[in-house]
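Architecture at a glance
Now for the letters of each chain:
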Amino acid sequence: MAIEEKALGPDHADVAISLDNLAALYNSQGRHGEAEPLQKRALAILEKALGPDHPSVATSLNNLAALYDDQGRYGEAEPLHKRALAIREKALGPDHPDVATSLNNLAALYRAQGRFGKAEPLHKRALAIWEKALGPDHPSVATSLNDLGALYLKQGRYGEAEPLHKRALAIQEKALGPDHQYVATSLNNLAVLYLKQGRYGEAEHLYKRALAIDEKALGPDHPYVANSLNNLAALYQVQGRYNEAEPLQMRALAIREKALGSDHPDLATSLNNLAALFEKQGRHGEVEPLYKRALAIREKAFGSDHPDVANSLNNLAKLYQKQARYGEAEPLSKRALVIQEKFFGPDHPDLATSLNNLAVLYRAQARYGEAEPLQKRALAIREKAFGSDHPDVANSLNNLALLYQVQGRHGEAEPLHKRALAIKEKTLGPDHPDVATSLNNLTALYLKQGRYGEAEPLQERALANWEKALGPDHPDVATLLNNLAGLYLKQGRYGEAEPLFQRSLAIREKALGPDHPDYGQSLNNLAGLYLKQGRYGEAVRLLARALAIREKALGPRHPDLVKSLENYAALLRKMGRDAKAAALEARLQTIRDNQAAK
């Protein structure tokens, strides 16, 4: 570039092209602050040398807008995309492929903002232009199909998304060959759809093929390989295959750190993913530093008010909530909410997620009056953005129902649970794991009401659903076994409850390890059964072990630990071991006094 500037002068159009290329390199490295002045200088040179309405100016506008897109600066990006589109339509005509590119870019911006109604016609127009100009089997048509499919996926329109992604894949395989990197991208897109639908076997095959293509085409240490590793690991995590997920996440993290540097936003994504995996495994001591490092990277790369920063804040807040560190969780959740509302406006679906997170935090603290308006607002946002039958709407209905349920407002909770169940069955099919979640929630409501006859078939159906979708050894299956056993316990069906409690315990020990709090919960539940049967010697050993696990994993003031202390002390009283019981009761009183003081 220095040679060009010296030979041609600092305001030559070729210098602008070199500036654009260098800016693109910096942008790919996450060096947005260095890229922006180069992009702006390139644009100024081209406007001066070629005039404000030249197609090359449109290209430079598009590049600067893309830089803003990557940083989430959508308000600054939108007028640039619109101006680039207007220039191209005027200079090249409404049916030129470059016009389609501008339409597609503007549509992608609207999609990111949750403005789906504005995005769809632009994506469709871009697709029509490319099909007419380039023919139905051109790789650019495949790109357009993938983008429209991504829009439908975001809206929960899975039936419309699938044929688009399949057609895109077929076009790219035919035009580029089965081992091209763009084919890997299409495979990943289709796999994401299958993952959303609970079609895990089909998703895994596609993810593995995409990974193999990326490794062959780009080498084992390319950032795109890290993307494919991350996708496959995410699938394994959903399936409870944590031991298979971990080395993939670790390898993705290492690739990104080596290729992109220690401050790149993609590295923050890997740190978040690995932290989420450790959280599932109950490795809470390892989780917090990863979330904090991801947050620091994102704040440095994007500034303090970016949606990715809000995502990291929410992750850290949810961790603190699970650990009953409510005072630390609340300001993080509130800050995330403020960022997203400022950034996206009051009606964006991502804002609904932050509203929901804060509401769940309030629910955990029994601050029901504060939680309810947040849950209702989240539901209204999702219904407006997605329509009444979207899976995210079902999740909001479920959360509001759970809030009513914990308050004993069972008559208000039941129709919400039923509506959530109906939406999931309609959109995801009757065998999707999310349907089992809704069945389980409705079961819990019926149990609270003593409606055991209605609860049992729902719980059994949920269990069968998860066993089929996730396999018999998934931790979520253990949860449902535990719940069904609890139902039998309430009915005095001890002989039927015990093998379910024991199977749940065995699954959790194998999948999560003997120090996971969920394993402690299973020990506690089995001990509860033994207590009902007067098997005090067996119960006391299980309660002691559950107490030790919870104290180590959750900390000395967690509500689950308090429950274990209560149960253990009560049993010791029954067994006449009054001195030890009194020591536990004194400890309990200290915890309660400290909580009251706060």
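See above for the structure.
In short, a report on the structure. (Residues numbered from 1 in each chain as written. Predicted model: local features only at pLDDT ≥ 70, side-chain atom pairs only at ≥ 80, totals over all residues. Heavy atoms only, no water.)

1. Topic: the overall build of the protein
The secondary structure content of the protein amounts to 29 helices and zero strands. Taking 598 residues into account, the globule formula puts the C-alpha radius of gyration at 25 Å, and the protein, at 27 Å, falls close to it. Taking the principal axes of its C-alpha atoms as reference, the protein extends roughly 95 × 45 × 45 Å. The buried share among the 598 residues of the protein stands at 52%. (Helix = DSSP H or I, 4+ residues; strand = E, 2+ residues; numbered from the N terminus. Rg over C-alpha atoms; globule rule 2.2 N^0.38 Å. Buried < 20%, exposed > 50% of the residue type's maximum accessible area, 1.4 Å probe, protein only.)

2. Details of the pattern of salt bridges
Inspection of every chain in the model, using the stated rule, returns 58 salt bridges. Among the ionic pairs, Lys-90 bridges to Asp-53, the shortest N-O distance being 3.9 Å. Residue Lys-90 is located in helix H5 (residues 74-92), and its partner Asp-53 is located in the loop between helix H3 (32-50) and helix H4 (55-70); the two are separated by 37 residues in the primary sequence. Residue class for Lys-90 comes out exposed when judged on its relative accessible area of 67%. For Lys-468, the salt bridge goes to Asp-431, with nearest N and O atoms at 3.4 Å. With a gap of 37 residues between them, Lys-468 in helix H23 (residues 452-470) and Asp-431 in the loop between helix H21 (410-428) and helix H22 (433-448) connect regions that are remote in the sequence. We classify Lys-468 as exposed; its relative accessible area is 64%. (Salt bridge = Lys/Arg side-chain N within 4 Å of Asp/Glu carboxyl O.)

3. Structural notes on H3
With 19 residues, H3 should reach 27 Å at 1.5 Å per residue; the first-to-last C-alpha distance of 26 Å fits that figure. All buried positions along H3 are accounted for by His-32, Ala-35, Glu-36, Leu-38, Gln-39, Ala-42, Leu-43, Ile-45 and Leu-46. A positive backbone phi angle near 95° is found at Gly-51, which sits one or two residues after H3. (Expected span 1.5 Å × (residues − 1).)

4. Some words on the packing of helix H10 (residues 181-196) against helix H12 (residues 223-238)
For the pair H10 and H12, interaxial distance at closest approach is 11 Å and the crossing angle is 20°. Taken together, the axis directions place H10 and H12 in an arrangement best described as roughly parallel. In this structure, H10 crosses over H12, and the sense of that crossing is left-handed. Here Gln-181, Asn-188 and Leu-195 of H10 lie close against H12, whose contacting residues are Tyr-224, Ser-228, Asn-231, Leu-235 and Val-238. Of the residues contributing to the contact of H10 with H12, the split by class is four nonpolar, four polar and no charged. (Axes fitted to C-alpha atoms, helices over the stretch in contact; angles between N-to-C directions. Parallel < 35°, antiparallel > 145°, perpendicular 65-115°, else oblique. Left-handed = near helix turned anticlockwise from the far one by under 90°. Contact = heavy atoms within 4.5 Å. Nonpolar A, V, L, I, M, F, W, Y, C, P; charged D, E, K, R; others polar.)

5. Description of the packing of aromatic side chains
Tallying each qualifying case throughout the model produces four aromatic pairs. Relative to Phe-343, the ring of Tyr-74 has its centre 5.5 Å away and its plane inclined at 75°; by these criteria the two rings are edge-to-face. Note that Tyr-74 is positioned in helix H5 and Phe-343 in helix H17 (residues 326-344), a separation of 269 residues in sequence. Residue Phe-343 is classed as partly exposed on the basis of its relative accessible area, which comes to 24%. Considering the side-chain rings of Tyr-74 and Phe-344, the 6.5 Å spacing of their centres and the 25° angle between planes classify their relative orientation as stacked. On the criterion of sequence distance, the pair formed by Tyr-74 in helix H5 and Phe-344 in helix H17 is long-range, its members being 270 residues apart. Exposure remark for Tyr-74: the relative accessible area of 14% places this residue in the buried category. Owing to a relative accessible area of 15%, Phe-344 belongs among the buried residues under this scheme. (Phe/Tyr/Trp six-rings, centres within 6.5 Å; stacked < 30°, edge-to-face > 60°.)

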